Amino acid sequence: MIGAGVFGHLSDSKLGRKGSLTAVCILNAIFGCLTSLAPDYFTYLLLRFLTGFSTGGVGLCCFVLATEPIGPTKRGAAGMSTFYFFSTGIALLSGIAYIFPSWRALYIASSIPSIIFLVLVVPFISESPRWYLVRGKMNEAMKIMRTIAKSNGQYLPDGVILALDDESNDASNDNRSCKEPISGSLLDVIRSPITRIRLFLTVGINFTCSVVYYGLSLNVVNLETNLYLNVLLNAVAEMPAFTITALMLDKFGRKPLAIGTQWFSAIFCFMGSLVGNVGMWKVIRMFCGILGIFGMAGTYNLLFIYTAELFPTVVRNAALGCATQAAQMGAILAPFVVVWGGGLPFLVFGVCGLIGGMLAYYLPETLNKPLYDTMTGMEEGETA
């Protein structure tokens, strides 16, 4: 939770998206491996805290870095496709945990992917051209845009330049290679009436969604079925949710799907609260949980795309980091709901899904809308 806020701010400011991603991967690998050597419980707690701190920045840095250069017509499908790897990781984790029953060996095994990613992937990733643009680094932004154009079989003429959305109609805007960087923070988000309401709504939705998503994942301990199999089924159930959401995202829009997927999950959670946990009812309750995960997985990952589109580049990672912090708070509270046992956790998850869908109703639609770069540009564009 703390890491999401810290690295959300750093990736919007001096470190950038790629710099923050590199930092969190290095820290994740180091702290994860050191955890396996923890000599006592206090050291273990400290290293788990530090690992969580670094891990908190991985998802949001990767997502924003992957989706910022993409146009509005392909952004939904591209954004949803990134989460297949997340679910694949969870599915593989159930197998890795089965192979390495020792927690010390498991921490080493689960830290190795960060090292592989640093060596084989990070060197070939480009910084976001939008981040370069708001930081005033015009040459670097244009270089990346030319590389993107070349990879698509296109060519950018020499006279073409990039401009911020609040500069696009400015006749005095010239072809300077370096401009003053534009900065932003959560205070700017809260000061603006437009983004303030969006922030509060996305924080609330991320919180309720996370309680359901992580709660259903942890609730497998109450189902009295095979733990490894149940974790695997939950992970596999997420994948078709991504596909269906991606196919429907550009047809129906972000807002209807955010409402529909949460209420879909809520329906099956309410059903799970009504059935017993004996005999055949165990299997029925397990499938209610799987379908609940199915619906909420679509919401959980849709929220990344939706939140990123609701805020301008200059504060995008900070706002997404704040929403992620709310999600982590929900993840913290989820185990306290799970320990109640019986049908009560399902009832709480159903209520959270219902409330989350109601909050999403008050968000604006962002389908085919531009990604704004500055607060001024967004205010002008939204009020035009």
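Predicted, not measured: the structure shown is a model, and the values here were computed from it.

A. The arrangement of the nonpolar core in detail. Counting 57 residues, the largest nonpolar core has Phe 63, Val 212, Leu 216, Phe 311 and Phe 349 as its most contacted members. At 11 residues, helix α15 (residues 280–310) tops the list of elements feeding residues into this core. When residues are assigned to domains, this core turns out to be shared by domain 1 (1–125) and domain 3 (184–383), each giving three or more.

B. Summary view of the layout of surface pockets. Size it by volume and the second largest pocket reaches roughly 280 Å³. Elements with a contribution of two residues or more to the lining of the second largest pocket: α5 (72–81), α8 (129–134) and α9 (138–151). Each residue belonging to the lining of the second largest pocket can be placed in one class, and the counts come to 11 nonpolar, 2 polar and 4 charged. Built from parts of two domains, the lining of the second largest pocket gets at least three residues from each of domain 1 (1–125) and domain 2 (129–160).

C. Quick look at the domain arrangement of the protein chain. Assigned domains of the protein chain: these are domain 1 (1–125), domain 2 (129–160) and domain 3 (184–383). Computed from C-alpha atoms alone, the centre-to-centre distance between domain 1 and domain 2 is 28 Å. Counting residues at the interface gives 9 residues for domain 1 and 5 residues for domain 2. Between domain 1 and domain 2 the total buried area reaches about 520 Å² when both faces are included, carbon and sulfur atoms providing 59% of it. The largest share of the area that domain 1 buries against domain 2 comes from Ser 13, Glu 68 and Pro 69, three residues that together contribute 57% of it. Across the domain 1-domain 2 interface, the total number found is 0 salt bridges. Connecting domain 1 to domain 2 are 2 residue pairs in polar contact (both at pLDDT 80 or more).

D. View of empty space enclosed by the protein. This model, assessed by the stated rule, comprises 4 cavities of 30 Å³ or more. Taken together, Arg 75, Arg 198, Glu 309, Pro 364, Glu 365, Thr 366, Lys 369, Pro 370, Tyr 372, Met 378 and Glu 382 form the lining of the largest cavity. Residues that form the lining of the largest cavity fall into these classes: 4 nonpolar, 1 polar and 6 charged. In this model, the second largest cavity occupies a volume close to 50 Å³. For the lining of the second largest cavity, the secondary-structure elements that each account for two or more residues are α4 (58–67) and α15. Looking at the lining of the second largest cavity residue by residue, the classes come out as 5 nonpolar, 1 polar and 4 charged.

E. Layout of the environment of Gly 89. Looking at where Gly 89 falls in the secondary structure, it is placed in helix α6 (residues 83–99). Each C-alpha atom, one on Gly 89 and one on Ser 110, is 9.6 Å from the other, the two residues being 21 residues apart in sequence.

F. Quick look at the confidence of the model for the protein chain. For the protein chain, per-residue confidence averages 84 on the pLDDT scale, and residues scoring 70 or more make up 92% of the total. Ranking the elements of the protein chain by mean pLDDT puts helix α12 (residues 220–223) last with 63 and helix α17 (residues 344–360) first with 94.

G. Representation of unusual backbone geometry within the structure. Although it is not a glycine, Asn 368 adopts a positive phi angle of roughly 60°. Its location among the elements puts Asn 368 in the loop between α17 and α18 (375–383).

What counts, and where the lines are drawn
Residues numbered from 1 in each chain as written. Predicted model: local features only at pLDDT ≥ 70, side-chain atom pairs only at ≥ 80, totals over all residues. Heavy atoms only, no water. Core = buried A, V, L, I, M, F, W, Y, C linked by side-chain atoms within 4.5 Å. Buried < 20%, exposed > 50% of the residue type's maximum accessible area, 1.4 Å probe, protein only. Helix = DSSP H or I, 4+ residues; strand = E, 2+ residues; numbered from the N terminus. Domains from an automatic or database assignment. 1 Å grid on protein atoms, 1.4 Å probe; cavity = no way out; pocket = protein on both sides within 12 Å on 5 of 7 lines; lining within 4 Å. Points joined across faces, edges and corners; volume = space filled by probe spheres on them. Nonpolar A, V, L, I, M, F, W, Y, C, P; charged D, E, K, R; others polar. Contact = heavy atoms within 4.5 Å. Buried area = accessible area lost by both parts, 1.4 Å probe. Salt bridge = Lys/Arg side-chain N within 4 Å of Asp/Glu carboxyl O. Polar contact = N/O pair within 3.5 Å; in protein donor to acceptor, adjacent residues only side chain to side chain. pLDDT = per-residue confidence, 0-100.

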